[in-house]
Amino acid sequence: MDAKDLTFIQNQIGYSFDNEDLLEQAFVRKSWSHENGGEDNEVLEFIGDKVLDLVVVKLLAEAYGCTGSQLKDYNPEEDWDEFVCQYGEKELTELKSQLVRKSYLARRVDEMGLADYLIMGKCDITQHVEQQPSVKEDLFEAILGAVALDCQWDLPQLQDAAEQMLQPEDILDDGEDCNYVAEIQEWCSRATGGGLWFFYGEERNNVTTRRGVGSMGGIGNILIDRQEKAGFFCELQDAGDITGFRGHGKSKREARKDACQKAFEWLEKNGRLFSIQDELENPNPENAIGQLETLARRGYFSLPVYEFKQGQSGAGSPIWSARCSIKEAGVSFHARSSSKREAKNAAAYQMLRYVLKEF
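Basis of the calculations
Residues numbered from 1 in each chain as written. Predicted model: local features only at pLDDT ≥ 70, side-chain atom pairs only at ≥ 80, totals over all residues. Heavy atoms only, no water. Phe/Tyr/Trp six-rings, centres within 6.5 Å; stacked < 30°, edge-to-face > 60°. Buried < 20%, exposed > 50% of the residue type's maximum accessible area, 1.4 Å probe, protein only. Lys NZ or Arg CZ within 6 Å of the ring centre and 35° of its normal. 1 Å grid on protein atoms, 1.4 Å probe; cavity = no way out; pocket = protein on both sides within 12 Å on 5 of 7 lines; lining within 4 Å. Points joined across faces, edges and corners; volume = space filled by probe spheres on them. Helix = DSSP H or I, 4+ residues; strand = E, 2+ residues; numbered from the N terminus. Nonpolar A, V, L, I, M, F, W, Y, C, P; charged D, E, K, R; others polar. Contact = heavy atoms within 4.5 Å. Axes fitted to C-alpha atoms, helices over the stretch in contact; angles between N-to-C directions. Parallel < 35°, antiparallel > 145°, perpendicular 65-115°, else oblique. Core = buried A, V, L, I, M, F, W, Y, C linked by side-chain atoms within 4.5 Å. Pairing = 2+ DSSP bridges. Patch = residues over 30% accessible without salt bridge, like charges linked within 9 Å, V, L, I, M, F, W, Y side chains within 5 Å. Areas by Shrake-Rupley, 256 points an atom, 1.4 Å probe, with all protein chains shown as cover. Salt bridge = Lys/Arg side-chain N within 4 Å of Asp/Glu carboxyl O. Lys, Arg positive; Asp, Glu negative; His and termini not counted. Charge placed at Lys NZ, Arg CZ, Asp CG, Glu CD.

Description of the packing of aromatic side chains
Note on aromatic pairs: each is described by the distance of the centres and the angle between the planes.
So, point 1. A complete count under the given rule lists 11 aromatic pairs for this structure.
So, point 2. Aromatic side chains tyrosine 306 and phenylalanine 308 sit 6.5 Å apart centroid to centroid with 15 degrees between the ring planes, which places their arrangement in the stacked category.
So, point 3. Among the residues examined, tyrosine 306 registers a relative accessible area of 19% and is labelled buried.
So, point 4. For phenylalanine 308, a relative accessible area of 31% gives the class partly exposed.
So, point 5. Of the aromatic side chains, those joined through ring pairs into one cluster are Phe8, Tyr117 and Trp197.
So, point 6. For arginine 256, the ring lying beneath its charged end belongs to phenylalanine 198, and the centroid distance is 6.0 Å.
So, point 7. Cation over ring: lysine 344 sits above tyrosine 306, and NZ or CZ is 4.7 Å from the ring centre.

Right, here's the structure in full:
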């Protein structure tokens, strides 16, 4: 890896390494070490796996729980200062499993564009192991393990890096109507064919204070100029037309969300957001069933439901009646044909035309 690669990776994970050798080691597969010597990333992966569990549990406890004294109606004279949580063990376990499951960690590695930097031996290269979800999961954990060692197990820094890498708002309900980070990532993927890159930095305020020298010194006050940490900024980079949007916040996560929200609002104002009409190149009756399902899979509405009835024509020939409905549409469409498939396709095409106009 060169300096540019290391800088890019650190911008993506939101953590700056003092020892960049640790970061590079996180990308070294055992196959490379067998062929070339040196250390690989397996122990870092082991460390990162345990760190991830701790950080995710801490995140869930902070998101959904608090002590009794933090509640508005807490009465210190009557109430115990116990830990209170919105969810029970079963629900928290499910949320944790969603955040640490292999497929999700692999997806985040793809979205951050990190798998391309894996350092592999010839065998791994031949087998294209960088495409395997388990390898991407290992890489995610190894990077987090490297962060743990570099920051000397500083929990706030570990949590900050893990949240940057995990993007937990994709899984957890934070009460927001729109996940701006996910929306902008999807927009960049479709508009530019690439990922969404972030650049982070600290913001500081200039502060002037007065320090008294003492009544015996004969000097009143001395003005002292200093800088205080005010928060963080996040800037979108290599993101097509929205490159350069900058957000601010008390944390890197807040700054990232602010930058993506500004970019989203600009795209919306200028009519640049993709709509349901942009999803299909050629809506047509022959492919209506598949096209309708494609829109459902992309989150515009739930999967269509079909109901069928078989009857007979006056001449005794079979006649099929198909009904297509979508919960969010509030309407259903019917079609009849001598073929069950044709009746289904005709009903689907009526629904397709409806959702393309109304959604």
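What to know about the layout of surface pockets
So, point 1. In this model, the largest pocket occupies a volume close to 760 Å³.
So, point 2. Lining the largest pocket are 27 residues, with Ala182, Glu183, Glu186, Trp187 and Arg190 positioned closest to its centre.
So, point 3. Elements that contribute at least two residues to the lining of the largest pocket include exactly α6 (102-112) and α10 (180-192).
So, point 4. The element that contributes the greatest number of residues to the lining of the largest pocket is α10, accounting for 7 residues.
So, point 5. Split into classes, the residues belonging to the lining of the largest pocket amount to 8 nonpolar, 9 polar and 10 charged.
So, point 6. Counted as a void, the second largest pocket has a volume near 390 Å³.
So, point 7. Looking at the second largest pocket, it is lined by 19 residues, and the ones nearest its centre are Gly14, Tyr15, Ser16, Phe232 and Lys252.
So, point 8. Elements that contribute at least two residues to the lining of the second largest pocket include exactly α1 (3-13), α9 (155-166), β3 (197-212) and β4 (221-237).

Considerations on the side chain of glutamine 185
So, point 1. Relative to the elements of secondary structure, glutamine 185 occurs in helix α10.
So, point 2. For glutamine 185, a relative accessible area of 10% gives the class buried.
So, point 3. Discounting chain neighbours no more than four positions away, the residues touching glutamine 185 are Arg108, Glu111, Gln167 and Leu196.

Focus on the packing of α6 against helix α8 (residues 133-150)
So, point 1. Contact geometry of α6 with α8 gives a least axis separation of 8 Å together with a crossing angle of 75 degrees. Judged by the angle between their axes, α6 and α8 are roughly perpendicular. Contacts between α6 and α8 involve Lys102, Leu105, Ala106, Arg108, Val109, Asp110 and Met112 from the first element and Pro133, Ser134, Lys136, Glu137, Leu139, Phe140 and Glu141 from the second.
So, point 2. Looking at side-chain class alone, the contact of α6 with α8 contains 7 nonpolar, 1 polar and 6 charged residues.

As for the environment of alanine 239
So, point 1. Tracing the chain through its elements places alanine 239 in the loop between β4 and β5 (246-249).
So, point 2. For alanine 239, a relative accessible area of 0% gives the class buried.
So, point 3. A sequence separation of 47 residues divides alanine 239 from threonine 192, and the C-alpha atoms of the two residues are 7.3 Å apart.

A word on the environment of aspartate 160
So, point 1. Here aspartate 160 lies in helix α9.
So, point 2. What aspartate 160 contacts, discounting residues up to four positions off in sequence, is Gly14 and Lys252.

Comments concerning unusual backbone geometry
So, point 1. Phi angles above zero are rare outside glycine, and tryptophan 153 is one such case at about 65 degrees.
So, point 2. By the element assignment, tryptophan 153 lies in the loop between α8 and α9.
So, point 3. Located in the positive-phi region is glutamine 167, a residue other than glycine, with phi close to 50 degrees.
So, point 4. Tracing the backbone through its elements, the reader meets glutamine 167 in the loop between α9 and α10.

A look at the nonpolar core
So, point 1. With 50 residues, the main nonpolar core has Ile13, Phe17, Phe27, Leu52, Leu114, Phe140 and Ile143 as its most contacted residues.
So, point 2. Leucine 52 has contacts with Val100, Leu105, Phe140, Leu144 and Leu166, leaving out every residue within four places of it along the chain.
So, point 3. Of all hydrophobic cores here, the second largest spans 23 residues; its members include Ile276, Phe301, Ala329 and Phe333.

Re the environment of histidine 334
So, point 1. Looking at the element boundaries, histidine 334 is found in strand β8 (residues 332-337).
So, point 2. Taking C-alpha positions, histidine 334 is 62 Å from aspartate 2, a pair spaced 332 residues apart along the chain.
So, point 3. When residues no more than four places from it in sequence are discounted, the contact partners of histidine 334 are Ala322, Arg323, Ala347 and Gln350.

Topic: the pairing of β8
So, point 1. Of the two faces of β8, the one holding Phe333, Ala335 and Ser337 is buried and the one holding Ser332, His334 and Arg336 is not buried anywhere.
So, point 2. Bridge count between strand β7 (residues 318-325) and β8: 6 bridges; the pairing is antiparallel. Counted as the bridge partner of arginine 323 is histidine 334 from β8.
So, point 3. The turn linking β7 back onto β8 is made up of 6 residues, and glycine 330 within it adopts a positive phi angle of 75 degrees.

Regarding a negative patch on the surface
So, point 1. Together, Asp73, Glu77, Glu78 and Asp79 make up a region of like negative charge exposed at the surface.
So, point 2. Here glutamate 78 falls in the exposed class, since its relative accessible area comes to 62%.

The values reported here are purely geometric and, on their own, carry no functional implication.
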